[in-house]
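The residues making up each chain are set out below.
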Amino acid sequence: MPHVVDQRDLALMSFFPCQLASPPSAGLAIKWEECACPLCKSRRSSIFIEAQDNLQGNAGRWFSVVRCQDCGLCYTNPRPTRGSIGQFYPRDYWAVRAPSPTERTQPRFHRPTHWWRRQRERQALPWHGQRRLLDFGCGGGVFLQRMHRQGWHVTGIDSSLDAARRVRTELGLRALAGSLPHANLDPESFDVITMWQSLEHVHDPREVVQQAFFLLAPGGKLLVSAPNIESLGFQWFGRNWYGLDLPRHLTHFSPRTLTWMLERAGFHVGKVRMVRQTGWLRSSVALAAHGSSPAWWYRGLRTKYGARAASWYTRLIGRSDGMIVLAERPA
Ligand SMILES: [Zn+2]
C-alpha cells in the first residue's frame, strides 16, 4: 500500500491538459453540454454548489456542481465540451497550481532528488511485475523521469500536445498525446498505472478507468489521487475551496464515489488514504479573503504552521483535502 506520498509532488503532478487556446475572454465561442452522471448515468441531480472560475484572466465565470440523486457523485454540469475546455486552461496551468512561489520558479527537472524521497517512492509505488509504468496526465514528465531513473519502463500520456512533445524531446522518454483509449497502447501491457490528480479533469472518467483496467496485466495496480469533496477544507471554504478548481475539475470525488467508480470497472479497491494538502488550505484562505479582512482563524490558517497543523488534523479525522487509492486488477 502507498503509505507515503509527498503532497508537493501531487500538486506538481497535476494534469496538464489540452492543446491550450486563448482564455475565454478572447471571445472564442465556448460550446457547452449537459451530461448524465459520469458514474451511474442517471440524469436526476440537484444543485450542490455554485462557484467562480478563480484563475486570473478567465473572467470569473460561474459554474454549477450538481449531485447525482441516485449515486451521490458530484460533477460539474453544464460544462464546456471536450473541444472547449482547453480555453479554461492557462498555458502554465501546472505551474499556477503549484503550492508555493518557490515551487513555481524552480522547474523540478533540474532539482536533485534526495535519496530519502526515492526510498519513500519505492515504498509508495508497488514494485510490481516487469515495472512497466503508465502515467496518465503526465504533464511535464517530472514523475516519469524520476521513475525512469529508478529502473521503471515508463510511458506518459497527456491530452496536451505540448506536454507530450516536451517529455519526448527534453527528457527522451516515451509520451503520447491524447487520452484513453489510445491506439498505440496494447492491452495488458502495463504493471502499474498512475493518475495523479488527473481523473477529475476528464469528461468520461468511467471510460478512462475501464481502459486502464484493460491496459493492466492481471495483478496490475492502479494508483489514483484526487481532491476529496468530503474534506474539511471544502466544508470550511465552500466555493472558495482550492480543490474545486472550476470548470477544470469536472468530477468531484468522495472516497465512496471514487471507490465505486473503480469497482465498477472490475478493480479490487483498497482503503482510501488521506493526503494532506497544506498549500491548498492556505490558497483557500487567500481566495476566501479576497477583498475582505478574514476572521482570526482564517488568518491562522494562512500561516505555514497554522495550515500544517490544520492539515494534520484533517488527516487525523479522515477528511483531508486530497486522497489516494490503490486498486488492483484481479489476477
Ligand atoms: Zn450517479
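Look up a bit, the structure's there.
Residues numbered from 1 in each chain as written. Predicted model: local features only at pLDDT ≥ 70, side-chain atom pairs only at ≥ 80, totals over all residues. Heavy atoms only, no water.

### So, the coordination of the zinc ion
Line of reasoning, step 1. Surrounding the zinc ion are the protein donor atoms Cys37 (SG), Cys40 (SG), Cys68 (SG) and Cys71 (SG), which sit 2.2 to 2.3 Å from the metal.
Line of reasoning, step 2. Around the zinc ion, the 4 donor atoms sit at angles spanning 100 to 117°, and that spread fits a shape best called tetrahedral.
Line of reasoning, step 3. When its relative accessible area of 23% is taken as the criterion, Cys40 is described as partly exposed. (Donors = N, O, S within 2.8 Å, 3.2 Å for Na, K, Ca; no water. Tetrahedral: all angles 85-135°; square planar, octahedral: opposite > 155°, others 65-115°. Buried < 20%, exposed > 50% of the residue type's maximum accessible area, 1.4 Å probe, protein only.)

### Here's the deal with helix H12 (residues 304-316)
Residues that lie three or four places apart on an α-helix share one face, since the helix turns once every 3.6 residues.
Line of reasoning, step 1. In a regular helix each residue adds 1.5 Å, so 13 residues correspond to 18 Å; H12 covers 18 Å between its end C-alpha atoms and thus fits that length.
Line of reasoning, step 2. Inspection of H12 places Ala307, Ala310, Ser311 and Thr314 among the buried residues, and these make up the whole buried set. Within H12, the buried residues cover an arc of 100° as seen down the axis, which keeps them to one side. Opposite the buried face of H12, at more than 90 degrees from it, the exposed residues are Tyr305 and Leu316.
Line of reasoning, step 3. Contact partners of the buried residues in H12: helix H8 (232-237), helix H10 (278-288) and helix H11 (296-302).
Line of reasoning, step 4. Once H12 finishes, Gly318 follows within two positions and takes phi at roughly 75°, a positive value. (Helix = DSSP H or I, 4+ residues; strand = E, 2+ residues; numbered from the N terminus. Expected span 1.5 Å × (residues − 1). Arc of directions from axis to C-beta. Contact = heavy atoms within 4.5 Å.)

### Considering the packing of H10 against H12
Line of reasoning, step 1. One way to put it is that H10 packs onto H12 with a least axis distance of 8 Å and a crossing angle of 120°. Regarding the angle of H10 to H12, the classification is oblique. Judged by the twist between their axes, the crossing of H10 over H12 is right-handed. In this structure, H10 uses Thr278, Leu281 and Arg282 to contact H12, whose residues at the interface are Lys304, Ala307, Arg308, Ala310 and Ser311. (Axes fitted to C-alpha atoms, helices over the stretch in contact; angles between N-to-C directions. Parallel < 35°, antiparallel > 145°, perpendicular 65-115°, else oblique. Left-handed = near helix turned anticlockwise from the far one by under 90°.)

### Quick word on the environment of Ser45
Line of reasoning, step 1. Topologically, Ser45 is positioned in strand E2 (residues 45-52).
Line of reasoning, step 2. By relative accessible area, Ser45 is classed as partly exposed at 28%.
Line of reasoning, step 3. A sequence separation of 27 residues divides Ser45 from Gly72, and the C-alpha atoms of the two residues are 8.8 Å apart.
Line of reasoning, step 4. Dropping the residues within four chain positions of it, Ser45 is found in contact with Val66, Arg67, Cys68, Gln69 and Tyr75.

### Some thoughts on the packing of helix H7 (residues 205-215) against helix H9 (residues 255-264)
Line of reasoning, step 1. Relative orientation of the contacting elements H7 and H9 amounts to 50°, with a least axis distance of 9 Å. If you check the angle between H7 and H9, you find them oblique. Between H7 and H9 lies a crossing whose hand is right-handed. Within the contact between the two elements, H7 uses Pro205, Arg206, Val209 and Gln210 and H9 uses Met261, Leu262 and Arg264.
Line of reasoning, step 2. Here the residues of the contact of H7 with H9 are counted per class, giving 4 nonpolar, 1 polar and 2 charged. (Nonpolar A, V, L, I, M, F, W, Y, C, P; charged D, E, K, R; others polar.)

### A look at the pairing of strand E6 (residues 132-136)
Regular strands place side chains that alternate from one sheet face to the opposite one.
Line of reasoning, step 1. Across the 5 residues that make up E6, a large majority, 5, are buried.
Line of reasoning, step 2. Burial of the side chains of E6 extends over both faces: Arg132, Leu134 and Phe136 are buried on one face and Leu133 and Asp135 on the other.
Line of reasoning, step 3. Inspection of the sheet shows E6 paired to strand E7 (residues 153-158) by 5 bridges, in the parallel sense. Bridged to Asp135 within E7 is Gly156.
Line of reasoning, step 4. Bridge count between E6 and strand E9 (residues 190-196): 3 bridges; the pairing is parallel. Across the sheet, Leu134 pairs through a bridge with Ile193, a residue of E9. (Pairing = 2+ DSSP bridges.)

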